[in-house]
Amino acid sequence: MQEGKRQKQVAGLLYEEFNEIFQRLGLTMLEGGMVSIASVKVTPDLLEARIYLSFFQLKDPNEGLKKIEDKAWEIKKELTARVKHQLRRIPELKFYIDDTLDHVFKMEALFKKLNSERDEKNQ
């Protein structure tokens, strides 16, 4: 299903605000790893925001996700203070691990393997 114009506007606004909030609360660096917001998706009724987080060099992304979920109330409080004049209702926040980078690395490894096997056959 395609996102509507308002969904995209709200998602863009939330994306910018979350980046600033995460920096302010010190959530961009966890346990020597880096956390970044990959994307924000908003449901058509604008009542739920799905925040996809990318973890870099973090031993256990699930543990990092749990730490962020534990601070969800504080994040929502900060978000409310920032966007209360722009949104009628503050959406419920749901955090997810964005694993697209993992898929990219796996695909690159597969392509390298296929290319090397093909090169060996041609020789």
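Let us look at the structure shown here. (Residues numbered from 1 in each chain as written. Predicted model: local features only at pLDDT ≥ 70, side-chain atom pairs only at ≥ 80, totals over all residues. Heavy atoms only, no water.)

### Focus: the overall build of the protein chain
On a plain count of helices and strands, the protein chain comes out with 4 helices and 4 strands. Helices (α) and strands (β) of the protein chain occur, in sequence order from the N terminus, as α-β-β-β-α-α-β-α. Here the C-alpha atoms of the protein chain give a radius of gyration of 19 Å, more than 25% beyond the 14 Å that 2.2 N^0.38 yields for 123 residues. Expressed along its principal axes, the backbone C-alpha trace of the protein chain runs to roughly 65 × 35 × 20 Å. In the protein chain, which comprises 123 residues, the proportion classed as buried is 31%. Restricting to contacts in the protein chain with at least 6 residues of sequence separation, those with at least 24 account for 61%. For the protein chain, the accessible area works out to roughly 8800 Å², and carbon and sulfur atoms hold 51% of it. (Helix = DSSP H or I, 4+ residues; strand = E, 2+ residues; numbered from the N terminus. Rg over C-alpha atoms; globule rule 2.2 N^0.38 Å. Buried < 20%, exposed > 50% of the residue type's maximum accessible area, 1.4 Å probe, protein only. Contact = heavy atoms within 4.5 Å. Areas by Shrake-Rupley, 256 points an atom, 1.4 Å probe, with all protein chains shown as cover.)

### Some details on the packing of aromatic side chains
What characterises a pair of aromatic rings is the spacing of the ring centres plus the angle enclosed by the ring planes. Counted under the stated rule, the structure contains 1 aromatic pair. An angle of 25° between the planes, with centres 5.4 Å apart, marks the rings of Tyr-52 and Tyr-96 as stacked. Of this pair, Tyr-52 sits in strand β3 (residues 48-56) while Tyr-96 is found in strand β4 (residues 92-97), placing the two residues 44 residues apart along the sequence. (Phe/Tyr/Trp six-rings, centres within 6.5 Å; stacked < 30°, edge-to-face > 60°.)

### Focus on unusual backbone geometry
Of note, Leu-46 is a non-glycine position whose phi angle comes to about 60°, a positive value. Its place among the elements puts Leu-46 in the loop between β2 (33-42) and β3.

### A look at the pairing of β3
Two elements, β2 and β3, share 8 bridges in a ladder whose sense is antiparallel. Note that in β3 the partner of Ser-39 across the bridge is Tyr-52. What sits between the antiparallel neighbours β2 and β3 is a turn of 5 residues, in which Leu-46 has the positive phi angle 60°. Two strands pair when backbone bridges link them, and β3 and β4 are joined in this way by 6 bridges, in the parallel orientation. Along β4, the bridge assignment pairs Glu-48 with Glu-92. (Pairing = 2+ DSSP bridges.)

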